[in-house]
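Survey of secondary and tertiary structure
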2 protein chains.
Amino acid sequence: MDIISVAIVEDNHDIRQAMELLINGSEGYACIGAFNNAENALEKIPQLLPNVVLMDFNLPGMNGIECIARLKGEFPDMQFMMLTVYEDDDKIFMALEAGASGYILKKTSPGELLDAIRDLHEGGSPMSSQIARRVVAYFQKQAKPNPALEALTSREKEILDQLSKGFLYKEIAGNLFISIETVRRHVHNIYEKLHVRSRTDAVNKYFNR
Amino acid sequence: MDIISVAIVEDNHDIRQAMELLINGSEGYACIGAFNNAENALEKIPQLLPNVVLMDFNLPGMNGIECIARLKGEFPDMQFMMLTVYEDDDKIFMALEAGASGYILKKTSPGELLDAIRDLHEGGSPMSSQIARRVVAYFQKQAKPNPALEALTSREKEILDQLSKGFLYKEIAGNLFISIETVRRHVHNIYEKLHVRSRTDAVNKYFNR
DNA sequence: CTCTTTATAACATCTTGGTGTTATGACTTT
DNA sequence: AAAGTCATAACACCAAGATGTTATAAAGAG
């Protein structure tokens, strides 16, 4: 069992020191850096190269999300755990997009925090099942297609797909072995059914935007 | 603590019966239906209206994903837990898109299965942190923008954003208070930087497709 | 067997988009 | 001070897309 090196970015002095003590006092863990703001963390972490970084959301100056995004860009293998008091949707997604792989609440117990750090280091994404539900809900939202698309015939869907890929009318005609005039006709019908007046709007509906 | 009604869809007789016994033998849980294929489940579950459905992936005939999709469409409040032996990426995402909110492996212990059912019923999304990582990775993949977009000036990004929304050149000109010729110029530069020759291709790059 | 839908096709016309070329003032970098 | 970048602008030319109208054969619904 190798030792997991951890860095902490947290502006609250008491919380920071408590976490540092916890980690250094536990076998298999070592806290190799603790910072009270993102700027200091960005300067030192590239030298320390910890396995795992615990990141607070609200920091003075640059916020934790931006700090993760910058470090993750330079060190893709570094693992980031977001520590926050909120379960706010936007913040969860921003953190995940920035490169955080774990997302836990500050009220988490010391033992669970240590487990989460190890879990993260070993390739998991520790998060509460409440937070997981938010993430899952995001998938389900994205998946429902525009009902207007169902009104298209299969040939029209085929044409729309070609349109979405940026083919010229004459290329579509070639690809589907039909005349360019027929392509025009289909496109016209598609526009009518989707209530749009341009290719871009049609494609946007196709991709549900 | 209310009683959670559960239905099981699982083609293996032994596993199905074991789960049924487990659930009926545990306080706070009741198994009100058990089916060996999707077709039977689709017929009976609309009458039974269980709180939670445990769904196997591989079933004879219709698979579990399709079965979830149909039931979820009719009963959006019903909760589905995918039970599988695989941790395959595609299957996870297909299950989530179909409407499953929990995703656990069949090797899960009886106690954990019961906990997961309650968790699901109470609004969580029980899944192992390994599976959560797959889901999180999907977010991070989607989020990394095309580096070519970074080469665009802020004005060019603004123009591209307008293009992506389907505005005509003259509308863009009006929106940004510049001449249509300037719009042309910017569009031309954008196309050069993105190595495309049409609006649709540029928009596709903008949305990372 | 008629009515409707679908896929096919053509033609005219007008609008919009894409390309080439040139230019100017503001600002930044060297 | 010179060189480069950026946002602005104009003009010409041709290609491509959008609109309106009309038509026909095949398949499916009633």
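Residues numbered from 1 in each chain as written. Chains lettered and ligands numbered in written order. Predicted model: local features only at pLDDT ≥ 70, side-chain atom pairs only at ≥ 80, totals over all residues. Heavy atoms only, no water.

Accessible area lost upon the coming together of the parts is a frequently used measure of interface size. On the side of chain B, 38 residues touch chain A, which itself brings 38 residues to the contact. Roughly 2,800 Å² is buried in total at the junction of chain A and chain B, and carbon and sulfur atoms are behind 52% of that figure. For the pair chain A and chain B, the interface holds 0 salt bridges. On the surface where chain A and chain B come into contact, there are 22 residue pairs in polar contact (both at pLDDT 80 or more). In terms of residue count, helix α6 (residues 129-143) of chain A provides more of the side of chain A that touches chain B than any other element does, 11 residues in total. Here the side of chain A that touches chain B is built from residues that sort into 15 nonpolar, 15 polar and 8 charged. (Contact = heavy atoms within 4.5 Å. Buried area = accessible area lost by both parts, 1.4 Å probe. Salt bridge = Lys/Arg side-chain N within 4 Å of Asp/Glu carboxyl O. Polar contact = N/O pair within 3.5 Å; in protein donor to acceptor, adjacent residues only side chain to side chain. Helix = DSSP H or I, 4+ residues; strand = E, 2+ residues; numbered from the N terminus. Nonpolar A, V, L, I, M, F, W, Y, C, P; charged D, E, K, R; others polar.)

Attention now goes to the protein's contact with DNA strand D. Around DNA strand D, the surrounding shell holds 17 residues, and the nearest of these are Y169 and Y191 of chain A together with T153, R155 and S179 of chain B. Backbone atoms, meaning sugar plus phosphate, form 72% of the atoms of DNA strand D positioned within 4 Å of the protein. R197 of chain A is positioned such that a nitrogen or oxygen atom in its side chain is 3.0 Å from a phosphate oxygen of DNA strand D. Measuring from a phosphate oxygen of DNA strand D, one finds a backbone N or O atom of R199 of chain A at 2.9 Å. When contributions to the surface near DNA strand D are tallied by element, the ones reaching two or more residues are α9 (169-176) and α10 (180-194) of chain A together with α10 (180-194) of chain B. With 4 residues, the single largest contributor to the surface near DNA strand D is α10 of chain B. When the residues that make up the surface near DNA strand D are grouped by side-chain class, the tally is 4 nonpolar, 5 polar and 8 charged. (Near = heavy atom within 4 Å.)

A few words on the sheet that holds strand β4 (residues 79-84) of chain B. Residue and element names in this part refer to chain B. Strand order in this open sheet of 5 strands is β2-β1-β3-β4-β5, and the pairing throughout is parallel. The open sheet has two edge strands with one neighbour each: β2 (29-35) and β5 (102-105). The sheet shows a mean angle of 25 degrees between the axes of neighbouring strands, direction not considered. Note that strand β3 (residues 52-56) and β4 share 5 bridges and pair parallel. Bridging from a neighbouring strand, V52 pairs with Q79 of β4. Across the sheet, helix α1 (residues 13-24) is in contact with β1 (4-9), β2, β3 and β4; its angle to β2 comes to roughly 160 degrees. (Pairing = 2+ DSSP bridges. Axes fitted to C-alpha atoms, helices over the stretch in contact; angles between N-to-C directions.)

Further remarks concern the sheet that holds strand β2 (residues 29-35) of chain A. Residue and element names in this part refer to chain A. Pairing in this open sheet of 5 strands is parallel, and the strands run β2-β1-β3-β4-β5 from one edge to the other. Across the chains shown, the open sheet's two edge strands, defined by having one partner strand only, are β2 and β5 (102-105). Within this sheet the neighbouring strands show an average axis-to-axis angle of 25 degrees, counted without direction. In terms of strand pairing, strand β1 (residues 4-9) meets β2 through 6 bridges, oriented parallel. The partner of V6 across the bridge, within β2, is C31. Where helix α3 (residues 64-74) meets the sheet, it contacts β3 (52-56) and β4 (79-84), and its direction lies at approximately 180 degrees from that of β4.

A separate point is the UniProt feature "modified residue: 4-aspartylphosphate" (unreviewed entry) in chain A. Residues and elements named next belong to chain A. Sequence positions flagged by UniProt for "modified residue: 4-aspartylphosphate" (unreviewed entry) are, in local numbering, D56. The residue D56 is located in strand β3 in this model. Accessibility expressed as a relative area gives 4% for D56, which makes it buried. (UniProt positions renumbered as here; feature names shortened; annotations may be inferred. Buried < 20%, exposed > 50% of the residue type's maximum accessible area, 1.4 Å probe, protein only.)

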